[in-house]
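# Chain and residue survey
Here's the letter readout for the chains.
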Amino acid sequence: MPLVRAWAVGVVVLVVTEYVQMTLLYGNLVGPRGVGSFGAALALVHLPNLVCVMLATWAAARVHPAPWREIPARHAVAACAVPAAAQLLTVSLHWEHAGLPSPAMGMSTGVLLAGCALGLLLERWQEEARP
């Protein structure tokens, strides 16, 4: 049950942050033709995705309860499973655009790994800062 609660929080945070990203950034700045350069893709797609993954990982890690959070592997699964599952779902739905050798797949995998690492580090930092 502790994993389910962490995953539920992770899903809610990821859906809300991705929705905000899609409506504010994509709808207003990117448009239907997509981005034109690597810099634009980095600024308008990958960095906002990094923030979404980081926040979802952090939120899931924060609600993972104390007895189980002391087991590093279990805590990482509780925190990072939702972003990883979202990545797998996105790749499977858009395989023609994000196949294994594509640069988009490499960038999105890097964003996933960095976002999960930053989310776990943020949660650990908050845990250590607590008196």
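For the structure given in this document, a descriptive report is provided here. Not measured: the values here are computed from a predicted model. (Residues numbered from 1 in each chain as written. Predicted model: local features only at pLDDT ≥ 70, side-chain atom pairs only at ≥ 80, totals over all residues. Heavy atoms only, no water.)

## Topic: the side chain of His-64
Residue position: His-64 is located in the loop between helix H2 (38–63) and helix H3 (66–69). Those residues in contact with His-64 that lie beyond four places of it in its chain are Pro-2, Leu-3, Ala-6, Arg-69, Arg-74, His-75 and Ala-78. (Helix = DSSP H or I, 4+ residues; strand = E, 2+ residues; numbered from the N terminus. Contact = heavy atoms within 4.5 Å.)

## Some points on helix H5 (residues 103–129)
With 27 residues, H5 extends 38 Å between its outermost C-alpha atoms, agreeing within 8% with the 39 Å of an ideal straight helix rising 1.5 Å per residue. Of all the residues in H5, the buried ones are Met-105, Val-111, Leu-112, Gly-115, Cys-116, Gly-119 and Glu-123. (Expected span 1.5 Å × (residues − 1). Buried < 20%, exposed > 50% of the residue type's maximum accessible area, 1.4 Å probe, protein only.)

## Points about the pattern of salt bridges
Applying the stated rule across the entire model yields 4 salt bridges. The partner of Arg-62 in a salt bridge is Glu-123, and the shortest N-O contact between them spans 3.7 Å. Of the two residues, Arg-62 sits in helix H2 while Glu-123 sits in helix H5, which places them 61 residues apart along the sequence. Under the relative-accessibility criterion, Arg-62 is labelled partly exposed at 22%. According to the relative accessible area criterion, Glu-123 is buried, its value standing at 1%. Here Arg-69 and Glu-127 are joined by a salt bridge, their closest N and O atoms 3.9 Å apart. Remark: Glu-127 occurs in helix H5 and Arg-69 occurs in helix H3; sequence separation between them is 58 residues. (Salt bridge = Lys/Arg side-chain N within 4 Å of Asp/Glu carboxyl O.)

## So, the packing of helix H4 (residues 72–93) against H5
Direction vectors running N to C along H4 and H5 enclose 160°, while the axes themselves pass 10 Å from each other. As far as their axial angle goes, H5 and H4 are roughly antiparallel. When the axes of H4 and H5 are compared, the crossing they make is right-handed. Where H4 abuts H5, its residues His-75, Ala-79, Cys-80, Pro-83, Ala-84, Gln-87 and Val-91 lie against Met-105, Ser-108, Thr-109, Leu-112, Cys-116, Leu-120, Glu-123 and Arg-124. Within the contact of H4 with H5, the residues separate by chemical class into 9 nonpolar, 4 polar and 2 charged. (Axes fitted to C-alpha atoms, helices over the stretch in contact; angles between N-to-C directions. Parallel < 35°, antiparallel > 145°, perpendicular 65-115°, else oblique. Left-handed = near helix turned anticlockwise from the far one by under 90°. Nonpolar A, V, L, I, M, F, W, Y, C, P; charged D, E, K, R; others polar.)

## Describing the environment of Leu-88
Residue position: Leu-88 is located in helix H4. For Leu-88, a relative accessible area of 62% translates into the label exposed. Placed 21 residues apart in sequence, Leu-88 and Thr-109 show a C-alpha to C-alpha distance of 9.9 Å.

## Comments concerning the environment of Ser-108
Relative to the elements of secondary structure, Ser-108 occurs in helix H5. The sequence separation of Ser-108 and Gln-87 amounts to 21 residues, and the corresponding C-alpha distance is 7.8 Å. The contact partners of Ser-108, leaving out residues within four places of it in the chain, are His-46 and Gln-87. A polar atom in the side chain of Ser-108 sits 3.0 Å from the side chain of Gln-87. (Polar contact = N/O pair within 3.5 Å; in protein donor to acceptor, adjacent residues only side chain to side chain.)

## Looking at a nonpolar patch on the surface
A surface patch of nonpolar side chains, about 490 Å² in accessible area, is lined by Val-12, Val-16, Tyr-19, Val-20 and Leu-24. Examined against the element boundaries, Val-12 turns out to sit in helix H1 (residues 2–30). (Patch = residues over 30% accessible without salt bridge, like charges linked within 9 Å, V, L, I, M, F, W, Y side chains within 5 Å. Areas by Shrake-Rupley, 256 points an atom, 1.4 Å probe, with all protein chains shown as cover.)

## Let's talk about the nonpolar core
Residues Val-53, Ala-61, Ala-79, Cys-80, Leu-112 and Cys-116 constitute the largest nonpolar core, which totals 6 residues. If we skip the residues at most four places from it in the chain, Val-53 touches Leu-14, Pro-83, Val-111, Leu-112, Gly-115 and Cys-116. (Core = buried A, V, L, I, M, F, W, Y, C linked by side-chain atoms within 4.5 Å.)

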